[in-house]
Amino acid sequence: MWQINMGTPAGPFRMMDQVGLDVVLDIEEHYAAERPGLPTGPRELLKSYVDAGHLGVKSGRGFYDDYPDNT
């Protein structure tokens with residue numbers, strides 16, 4: 001639905017996988033430092049993926065697991 005409505009080649013979770021969940025987490029941590037009232041849930045979810053080594057395309061698994069394993 002996102003791809004159709006926004007005209008993008010991928011949805012937000014696929015795009016985060018392409019950027020790297022560790023990078024996305026770093027960006028989110030920066031935002032949280034600037035705005036302490038932001039919800040913690042999204043960062044906690046990202047941290048659980050990063051801690052498990054699921055970084056997206058670069059590790060072969062992120063929100064999606066259909067990437068070649070590059071490790």
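Scroll up for the structure.
Engineer: Explain the packing of aromatic side chains to me, and be specific about the residues and the numbers.
Structural biologist: Evaluated as defined, the whole model comprises 2 aromatic pairs. Seen from their ring centres, F13 and F63 are 4.8 Å apart, and the 80° between their planes marks the pair as edge-to-face. Of this pair, F13 sits in helix 2 (residues 12-19) while F63 is found in the segment after helix 4 (41-51), placing the two residues 50 residues apart along the sequence. What makes F13 partly exposed here is its relative accessible area of 40%. Seen in terms of ring centroids, Y49 and F63 are 4.8 Å apart; in terms of plane orientation they differ by 45°. Their pairing is tilted. Remark: F63 occurs in the segment after helix 4 and Y49 occurs in helix 4; sequence separation between them is 14 residues. Members of the aromatic cluster, each reached through a chain of ring pairs, are F13, Y49 and F63. Sitting above the plane of the Y64 ring, R14 keeps its charged end 3.8 Å from the centroid.

Engineer: Tell me what's going on with the packing of helix 3 (residues 21-34) against helix 4, and back it up with residues and numbers.
Structural biologist: Two elements in contact, helix 3 and helix 4, have axes whose closest approach is 9 Å; the angle formed by their N-to-C orientations is 150°. The pairing of helix 3 with helix 4 is recorded here as roughly antiparallel in orientation. Every pair of crossing elements has a handedness; the one defined by helix 3 and helix 4 is left-handed. Counted together, L21, D22, V24, L25, E28, E29 and A32 of helix 3 and R43, L46, K47, Y49 and V50 of helix 4 form the full contact between these two elements. Here the contact of helix 3 with helix 4 is built from residues that sort into 7 nonpolar, no polar and 5 charged.

What counts and what doesn't
- Residues numbered from 1 in each chain as written.
- Predicted model: local features only at pLDDT ≥ 70, side-chain atom pairs only at ≥ 80, totals over all residues.
- Heavy atoms only, no water.
- Phe/Tyr/Trp six-rings, centres within 6.5 Å; stacked < 30°, edge-to-face > 60°.
- Helix = DSSP H or I, 4+ residues; strand = E, 2+ residues; numbered from the N terminus.
- Buried < 20%, exposed > 50% of the residue type's maximum accessible area, 1.4 Å probe, protein only.
- Lys NZ or Arg CZ within 6 Å of the ring centre and 35° of its normal.
- Axes fitted to C-alpha atoms, helices over the stretch in contact; angles between N-to-C directions.
- Parallel < 35°, antiparallel > 145°, perpendicular 65-115°, else oblique.
- Left-handed = near helix turned anticlockwise from the far one by under 90°.
- Contact = heavy atoms within 4.5 Å.
- Nonpolar A, V, L, I, M, F, W, Y, C, P; charged D, E, K, R; others polar.

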